[in-house]
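Listed here are the chains, written in short residue letters.
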Amino acid sequence: MHQNKKFSVINPSKMCQPMGAVQALLGVNDTMPLIHGSQGCGTYMRFQLTRHFREPIEVASTSMSEKTVIYGGEFNLMKALKNVTEKQSPSIIAVTSSCLTETIGEDMEGIIEKFKEANLDQDLPIIIPISTPSYVESHVEGYNRTIKALVEHLAVKSVGNEKINIITGNISPADVREVKNILSDLNCENIILTDTSKNLDAPLSESALDLYKDGTTIEEIEDTANSLGTIALSKHMDSAAIYLEKQFGVKSISGPLPLGIENTDKFIGSVCKLGELEVPETIKRDRGRLIDAMVDAHSYNYHRKVAIFGDPDFVSGMTRFTCEMGMIPSVVCTGTKSKRFIEDIQIISDEKKVSPVILAGGDLYDMHREIKEVGADILVGNSYGASMAKEEDIPLFRVGFPIFDRLGAQRIFTLGYKGGINFVDQLTNTMLDYYYDEAGYEVSGDESEETIFEGYFAGEEV
Ligand code: SF4
């Protein structure tokens, strides 16, 4: 691991906690996220989410100013709750804190209670406060805290069901859809926490200002306490699963993100174990098709160096998957400081006999410096890697969040065997575009066309 110390972050590979909170809330039916902070926070979230998903994104703000920082934001929060209740009448208002309101030590729960007491005669929405101090951790923890807050406030023990709760993490709507398809193929009833598959990849509608009418419902969140188990696809977003286990005895399983063969095997194994289910032929066939796709692509990807950045579970999952594809992860970077991430990469490194540079809590400046040292043939990550890829003259395979310089981010899917097939095809085609000519010969890298032919005529394997 890189030991150099520096005292600033340059091009961070993470976002703040409220961003993760909003991402989680966009998958909840008829819910309004309300950021208790300055207007800029809400604008930043909406801007970033809209340019990624190309969908209208509703985020309310308490619009704090210099004066309210000094005197406290009680008036602003009360007024915002009143406005949102009257104008949009959602089923849930989820109030997240921000840098500013955490710094002044705002008592959000107390203010919310005051608001409820002042409106006893009204039919109020459910109001859930979520503490998301933005100056610690990252959007990953913001997502984690939000799912935990939802189940803490809503989950109720009643009659047991035959469902499995899945905490997806902030994966793409297409990946959520794929997870649901796998569960449907397995005949597994489920509750998705939270389901962005329809809300963030929706048909064109004229009523852009409506709250989402799809997504996880209040009744489903209530019922999570009665499920057979909870699987958190991200090991860094499993607090709600642990809470449900401690509080209601719902068995919890953390990760891994089903990327590639081994991780998808583990996910399907966990579902089958919890639900006492059999793996159907359709899924076995998809697994075989992924292996076939990997074999087809092997000669193009074999021993190519790949640098990967993004959220911790995505990076560790992608590190394992690219190793399965015969590639060599050279630098792996996540913005989150995480021992779990380091342990995961070390386990993969031992198993697969690779030794990537590990940056946990690193930024893209660190990553670029390491790539210059150890090299990379392709970069895998979000749009913030574009300038690094350009400078190093390597392709950027765009996946993760945010992607604002290409269309279709909400439809990128990599999870499960089918997502794996899609990833192998797309990544290999990127390598073909960049390193091979029209006839399929390598045009750059270690082997020139000339050496390939020399090898061929000398009877060597090429
Ligand atoms: S880092 Fe703080 S100020 Fe910036 S958007 Fe996030 S909450 Fe707002």
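Residues numbered from 1 in each chain as written. Predicted model: local features only at pLDDT ≥ 70, side-chain atom pairs only at ≥ 80, totals over all residues. Heavy atoms only, no water.

(A) Representation of the overall build of the chain within the structure. Scanning the chain from terminus to terminus reveals 18 helices and 13 strands. The C-alpha atoms of the chain give a radius of gyration of 23 Å, which matches the 23 Å a tight globule of 462 residues would have. Here the C-alpha coordinates of the chain stretch approximately 90 × 50 × 45 Å along the principal axes. The buried share among the 462 residues of the chain stands at 55%. Taking the contacts inside the chain whose residues are at least 6 apart along the sequence as the reference set, 73% of them involve residues at least 24 apart. Within the chain, the 69 negative side-chain charges are centred at a point lying 4 Å from the centre of the 44 positive side-chain charges. (Helix = DSSP H or I, 4+ residues; strand = E, 2+ residues; numbered from the N terminus. Rg over C-alpha atoms; globule rule 2.2 N^0.38 Å. Buried < 20%, exposed > 50% of the residue type's maximum accessible area, 1.4 Å probe, protein only. Contact = heavy atoms within 4.5 Å. Lys, Arg positive; Asp, Glu negative; His and termini not counted. Charge placed at Lys NZ, Arg CZ, Asp CG, Glu CD.)

(B) Spotlight on the pairing of strand S12 (residues 378-381). Burial of S12 is two-sided: the residues Ile-378 and Val-380 facing one way and the residues Leu-379 and Gly-381 facing the other way are all buried. Note that strand S9 (residues 305-309) and S12 share three bridges and pair parallel. Considered in S12, the bridge of Ala-307 is made with Leu-379. Once you follow S12 into helix H16 (residues 386-392) and on to strand S13 (residues 396-398), the crossover reads as right-handed. (Pairing = 2+ DSSP bridges. Right-handed = clockwise from strand over helix to strand, strands pointing away.)

(C) Layout of the site of the ligand. Around the ligand sit Cys-16, Pro-18, Cys-41, Tyr-44, Ser-98, Cys-99 and Ser-134, and those are all the residues in its vicinity. Grouping the amino acids of the shell around the ligand by side-chain chemistry returns five nonpolar, two polar and no charged. (Near = heavy atom within 4 Å. Nonpolar A, V, L, I, M, F, W, Y, C, P; charged D, E, K, R; others polar.)

(D) Representation of empty space enclosed by the protein in the model. In total, this model carries two cavities of 30 Å³ or more according to the counting rule given. Its boundaries defined by the atoms lining it, the largest cavity holds a volume of some 50 Å³. Along its surface, the largest cavity is lined by Glu-178, Ile-182, Asp-185, Ile-283, Asp-286, Tyr-417 and Lys-418. Those elements that provide at least two residues to the lining of the largest cavity are helix H8 (173-185), helix H12 (281-301) and helix H17 (416-435). (1 Å grid on protein atoms, 1.4 Å probe; cavity = no way out; pocket = protein on both sides within 12 Å on 5 of 7 lines; lining within 4 Å. Points joined across faces, edges and corners; volume = space filled by probe spheres on them.)

(E) Fine view of the nonpolar core. Of all hydrophobic cores here, the largest spans 68 residues; its most connected members are Phe-267, Met-367 and Leu-379. The element contributing the most residues to this core is H17, with seven residues. A domain-level breakdown of this core finds at least three residues from each of domain 2 (164-280) and domain 3 (282-435). With sequence-adjacent residues up to four places away left out, Phe-267 is seen in contact with Ile-166, Val-179, Ile-182, Leu-183, Ile-231, Leu-233 and Pro-258. Leu-25, Ala-94, Ile-128 and Ala-241 belong to the second largest nonpolar core, which has 28 residues in total. (Core = buried A, V, L, I, M, F, W, Y, C linked by side-chain atoms within 4.5 Å. Domains from an automatic or database assignment.)

(F) Representation of the pairing of strand S8 (residues 251-254). Taken together, the four bridges between strand S7 (residues 229-232) and S8 define a ladder with parallel strand orientation. Opposite Thr-230, over in S8, you have Ser-252 as the bridge partner. Where the polypeptide runs from S7 across helix H10 (residues 239-248) and back to S8, its parallel neighbour, the crossover connection is right-handed.

(G) The arrangement of the domain arrangement of the chain in detail. Each domain of the chain was delimited in the assignment, giving domain 1 (17-154), domain 2 (164-280) and domain 3 (282-435). On a C-alpha basis, the centroid separation for the pair domain 1 and domain 3 is 34 Å. Residue-level contacts link eleven residues of domain 1 with 13 residues of domain 3. Counting each side, the surface lost to burial between domain 1 and domain 3 is near 1,100 Å², with a carbon and sulfur contribution of 54%. Among the residues domain 1 hides against domain 3, the three largest losses belong to Arg-51, His-52 and Arg-54. Together they make up 51% of the total. (Buried area = accessible area lost by both parts, 1.4 Å probe.)

(H) Unusual backbone geometry, seen in detail. Across the junction of Leu-193 and Thr-194, the peptide omega takes the value -5°, indicating a cis bond. With respect to the helices and strands, the residue Thr-194 is situated in the loop between strand S6 (190-193) and helix H9 (218-223). A cis amide bond links Phe-401 with the next residue in sequence, Pro-402, at an omega value of 0°. Considering the arrangement of structural elements, one finds Pro-402 in the loop between S13 and H17. Although it is not a glycine, Asn-11 sits at a positive phi angle of roughly 55°. Overall, Asn-11 belongs to the partly exposed group, its relative accessible area being 49%.

(I) Broad picture of the pattern of salt bridges. Going through the model one piece at a time under the given rule, you end up with 24 salt bridges. A salt bridge links Lys-82 to Glu-86; the shortest N-O distance between them is 3.2 Å. Remark: Glu-86 and Lys-82 occur in helix H4 (residues 74-88); sequence separation between them is four residues, near one turn of the helix. Looking at Glu-86, the relative accessible area reads 51%, which means it is exposed. As a salt-bridge pair, Arg-340 and Asp-238 come within 3.2 Å of each other at their nearest N and O atoms. Here the residue Arg-340 occupies a position in helix H14 (residues 339-352), and Asp-238 occupies one in the loop between S7 and H10, the gap between them amounting to 102 residues. Among the residues examined, Arg-340 registers a relative accessible area of 34% and is labelled partly exposed. (Salt bridge = Lys/Arg side-chain N within 4 Å of Asp/Glu carboxyl O.)

(J) Looking closely at the side chain of Glu-106. With respect to the secondary-structure elements, Glu-106 resides in the loop between helix H5 (99-103) and helix H6 (108-118). No salt bridge is formed by the buried Glu-106, whose closest oppositely charged neighbour, Lys-114, lies at an N-O distance of 10 Å. Excluding its chain neighbours within four sequence positions, the residues that come into contact with Glu-106 are His-36, Met-64, Gly-72, Gly-73, Glu-74, Thr-101 and Ile-111.

(K) Fine view of a nonpolar patch on the surface. A cluster of nonpolar side chains, namely Val-69, Ile-70, Tyr-71 and Ile-104, defines an oily patch on the protein surface of about 420 Å² accessible area. With respect to the secondary-structure elements, Tyr-71 resides in helix H3 (residues 66-71). (Patch = residues over 30% accessible without salt bridge, like charges linked within 9 Å, V, L, I, M, F, W, Y side chains within 5 Å. Areas by Shrake-Rupley, 256 points an atom, 1.4 Å probe, with all protein chains shown as cover.)

(L) Representation of the packing of aromatic side chains. Evaluation of the coordinates by the stated rule reveals seven aromatic pairs. When the centroid spacing of 5.3 Å and the interplanar angle of 65° are considered together, the rings of Tyr-384 and Phe-404 count as edge-to-face. Linking Tyr-384 in the loop between S12 and H16 with Phe-404 in the loop between S13 and H17, this pair joins segments that are 20 residues apart in sequence. When its relative accessible area of 36% is taken as the criterion, Tyr-384 is described as partly exposed. Its relative accessible area of 24% is what places Phe-404 among the partly exposed residues. Between Phe-397 and Phe-423 the ring centres are 5.2 Å apart and the planes differ by 85°, which places this aromatic pair in the edge-to-face class. Residue Phe-397 is found in strand S13, and its partner Phe-423 is found in helix H17; the two are separated by 26 residues along the sequence. Exposure class is identical for Phe-397 and Phe-423. Each is buried. (Phe/Tyr/Trp six-rings, centres within 6.5 Å; stacked < 30°, edge-to-face > 60°.)

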